[in-house]
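Structure at a glance
Chain by chain, the residues:
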Amino acid sequence: MTSFDVVVAGLGAMGSAAAFELARRGASVLGLDRFAPPHASGSSHGRARIIREAYFEDPLYVPLVRRAYERWAELERLAGRTLLVPTGGLMLGPPDGVVVAGALRSAREHGLPHELLDAREVHHRVPGLRVTSDMVGVWEPRAGFLVPEAVIAAHLALAADHGAELRVEEPVRTWDAAGDGVVVTTARGTYRARRLVLAAGAWMSSLLGAASPPLVVERMVQHWFRPARDTGLYAPSRFPIFLCEYAPGRTWYGFPDVGDGVKVALHHQGEPADADTLRRTVAPAEIAYVHALLRTFLPDADGAHAESAVCMYTNTPDEHFVVDRHPAWPQVIVASACSGHGFKFSSAIGEILADMALGERPTFDLAPFRISRFAHGVVAHEGTRHRRSDA
Ligand SMILES: Cc1cc2nc3c(=O)[nH]c(=O)nc-3n(C[C@H](O)[C@H](O)[C@H](O)COP(=O)(O)OP(=O)(O)OC[C@H]3O[C@@H](n4cnc5c(N)ncnc54)[C@H](O)[C@@H]3O)c2cc1C
């Protein structure tokens, strides 16, 4: 049986970052994935992921995203290519809404550069965008977007350069605690390791069995539209990333046109799903709904529908991440950093996962991300065998 310091199960956003960080610190690493990342079957495809600093969800994420920015700059240097496109960002909505009030809170608590703009000033700053007169915008200069497929490819290439063994189309079937290590089984082999990092995204519950926190997979659709006229209004130099709370509890977001159309999507208005049986077709009504938002807010971008792609959020009940040790087996580390907003942090989370796997103390307070906060929703662990029936 081959032995490694660490097996990483899942090589998407979190797992690829962890594999790179572990390998460059000198650990022997085996990375396993169900598909061949970067792929379009999980949570990390669609050519753009927002990164922003005035974090409306909670100020606790600001130090983490600041670290992530440092790591993205380093990754770009190591990979020799652009992975993060700075555009600035607008958090839009009513002044007392979740998005604007939350972004202002984070900006003020952490002394982040920002400006509060009224609807007229928003249009003046970004002529491609029109918001209703009851809305305001929080402008943050450091926001932009990451190219997720390129990020994952870069992390994996660098992990391999540092000696990581990466096996694709080889899903983990079972893992067993063995002494203070683990034994991991796939259809092709059995591997022993001192530590196991579980980063299986929308498949996480199946690898955790009864010990899983209450995770709900949500079907989400990303859309691309060709601007109606070639005005240049939606070029990355003139159009920032935005999030807009257009009705109470309803948010959509978008990106500039980098040649494939303006990308837009709804946030958290998808349907519960199962990763193995996800509905990947997109109904005309879903496209029509987004057309209506474009007509109101980005009228010059409301051209032909170019493409849609279905993706998955993996949500916790409080929409904060899970980054913790397994409740029964501390040699197993669990990273479910999604709830629709995890990608931007993946460079920093990879570093945290490597710290945890190698017995170093992470520099971030991980208390908000503990599994035990859902104690009532977690069934006590009864054994060491976690079998997937279909892998
Ligand atoms: C439409 C959409 C838009 C988003 N927008 C943003 C955004 O703008 N900004 C942002 O920060 N975040 C955003 N997110 C969230 C972000 O993309 C996710 O938090 C992040 O990609 C999750 O990474 P992950 O590593 O957990 O999952 P993934 O990247 O999906 O990786 C999980 C991997 O595990 C593998 N796997 C599964 N089962 C097994 C197994 N048994 N054995 C081995 N491997 C296995 C899968 O094949 C996959 O490669 C968005 C998500 C979606 C879906």
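As annotated in an unreviewed UniProt entry, the protein is FAD dependent oxidoreductase from Gemmatirosa kalamazoonensis.

It is worth spelling out the packing of helix H1 (residues 13-24) against helix H2 (residues 62-79) at this point. In contact at an axis separation of 14 Å, H1 and H2 are set at 70 degrees when each is read in the N-to-C sense. Between H1 and H2, the crossing angle belongs to the class labelled roughly perpendicular. Here Phe20, Glu21 and Arg24 of H1 come into contact with H2, specifically with Arg71, Glu74 and Leu78. Split by residue class, the contact of H1 with H2 holds two nonpolar, no polar and four charged.

Our focus in this paragraph is the UniProt feature "domain: FAD dependent oxidoreductase" (unreviewed entry) in the protein. Cross-referencing UniProt, the feature "domain: FAD dependent oxidoreductase" (unreviewed entry) maps to residues 5-356 in the present numbering. Across residues 5-356, helical content stands at 26% and strand content at 31%; the span's end C-alpha atoms are separated by 13 Å.

Our next topic: the packing of H1 against helix H8 (residues 346-357). Running from amino to carboxyl end, H1 crosses H8 at an angle of 55 degrees, the nearest separation of the two axes being 7 Å. Relative to H8, the element H1 is oriented oblique. Crossing of H1 against H8: the hand is right-handed. Contacts between H1 and H8 involve Ala13, Met14, Ala17, Ala18, Glu21 and Leu22 from the former and Ser346, Ser347, Ile349, Gly350, Glu351, Leu353, Ala354 and Ala357 from the latter. Across the contact of H1 with H8, the residue classes tally to nine nonpolar, three polar and two charged.

As a further point, take the site of the ligand. Residues in contact with the ligand amount to 33 residues; listed here are only the nearest, Asp33, Ser44, Ile50, Cys311 and Lys344. Contact between the ligand and Lys344: an oxygen atom at 2.7 Å from a side-chain N or O atom of the residue. In isolation the ligand offers 1,000 Å² of accessible surface; the protein chains occlude 98% of this area. Going through the elements one at a time, H1, strand S3 (49-51) and strand S18 (305-315) are the ones with two or more residues in the shell around the ligand. Looking at which element gives the most residues to the shell around the ligand, the answer is S18, with three residues.

Another aspect to go through is the domain arrangement of the protein. The domain architecture assigned to the protein consists of domain 1 (2-44 + 149-212 + 318-377) and domain 2 (86-142 + 216-315). With 14 residues of domain 1 at the contact, the number on the domain 2 side is eleven residues. At the boundary of domain 1 with domain 2, total buried surface from both sides reaches about 960 Å², with 51% on carbon and sulfur atoms. For the domain 1 face of the interface with domain 2, the top three residues by lost area are Ala202, Trp203 and Ser339, together amounting to 38%. Across the contact surface, domain 1 and domain 2 share zero salt bridges. Our enumeration of links across domain 1 and domain 2 arrives at seven residue pairs in polar contact (both at pLDDT 80 or more). Here the residues of the side of domain 1 that touches domain 2 are counted per class, giving four nonpolar, eight polar and two charged.

Below, the discussion takes up helix H3 (residues 98-109). Counted at 1.5 Å a residue, the expected span for H3 with its twelve residues is 16 Å, and the 16 Å between its end C-alpha atoms agrees. Taken as a whole, H3 has its buried residues at Val99, Val100, Gly102, Ala103, Leu104, Ser106 and Ala107. Looking at the buried side of H3, the elements it contacts are H2, strand S5 (89-93), strand S6 (115-118), strand S7 (136-140), strand S14 (241-247) and strand S15 (250-255).

The subject of this paragraph is the side chain of Lys263. Mapping Lys263 onto the fold places it in strand S16 (residues 262-267). The side chain of Lys263 is buried and forms no salt bridge, while Glu149, the nearest opposite charge, is found at 7.4 Å. In terms of polar contacts, Lys263 uses its side chain to reach the backbone carbonyl oxygen of Gly46, at 3.0 Å. Those residues within four positions of Lys263 in sequence are excluded, and the remaining contacts are Gly46, Ala48, Arg49, Gln222, His223, Trp224, Tyr253, Gly254 and Phe255.

Analysis parameters
- Counting restarts for each chain, with residues numbered from 1 along the sequence as it is written.
- Selection of residues for local features in this predicted model requires a pLDDT of at least 70, selection of side-chain atom pairs for listing and counting requires 80 or more, and totals for whole chains, interfaces and linings are taken over all residues.
- Calculated side-chain values reflect all of the structure's heavy atoms, with hydrogen atoms and water omitted.
- Lines are fitted to the C-alpha atoms to define the axes, a helix being fitted only along its stretch in contact, and any angle between axes, read from their N-to-C directions, falls within 0 to 180 degrees.
- Segments assigned H or I by DSSP are reported as helices when at least four residues long, segments assigned E as strands when at least two residues long, and all are numbered from the N terminus.
- When describing relative orientation, an angle under 35 degrees is termed roughly parallel and one over 145 degrees roughly antiparallel, while 65 to 115 degrees is termed roughly perpendicular and anything else oblique.
- The criterion used for residue contact is that any of the two residues' heavy atoms lie within 4.5 Å.
- Three classes are used, and their members are as follows: Ala, Val, Leu, Ile, Met, Phe, Trp, Tyr, Cys and Pro are nonpolar, Asp, Glu, Lys and Arg are charged, and the others, Gly among them, are polar.
- UniProt positions are given in the numbering used here, feature names are shortened, and annotations may be inferred rather than shown by experiment.
- It is the rotation of the near helix from the far one that decides the hand of a crossing: anticlockwise by less than a right angle makes it left-handed, clockwise makes it right-handed.
- We call a residue near a molecule or strand as soon as one heavy atom of that residue lies within 4 Å of the molecule or strand.
- Whenever two N or O atoms come within 3.5 Å, that pair is a polar contact, provided that in protein one can donate a hydrogen and the other can accept it, and provided that, for residues adjacent in sequence, both atoms are side-chain atoms.
- Residue exposure ignores everything except the shown protein chains as possible cover, and the areas themselves are Shrake-Rupley values with a 1.4 Å probe.
- These domain boundaries are the output of an automatic or database domain assignment.
- By convention, the term buried area covers the 1.4 Å-probe accessible surface removed from two parts as they join, with the contributions of both added.
- The term salt bridge refers to a pairing of a side-chain nitrogen on Lys or Arg with a carboxyl oxygen on Asp or Glu at a separation within 4 Å.
- Each helix should span, by expectation, one fewer than its residue count multiplied by 1.5 Å.
- Burial here depends on accessible area, computed with a 1.4 Å probe over protein chains only, as a share of the maximum for the residue type. Under 20% is buried, over 50% is exposed, and the range in between is partly exposed.
- In this tally, Asp and Glu contribute negative charge and Lys and Arg positive charge; neither His nor the terminal groups of the chain are included.

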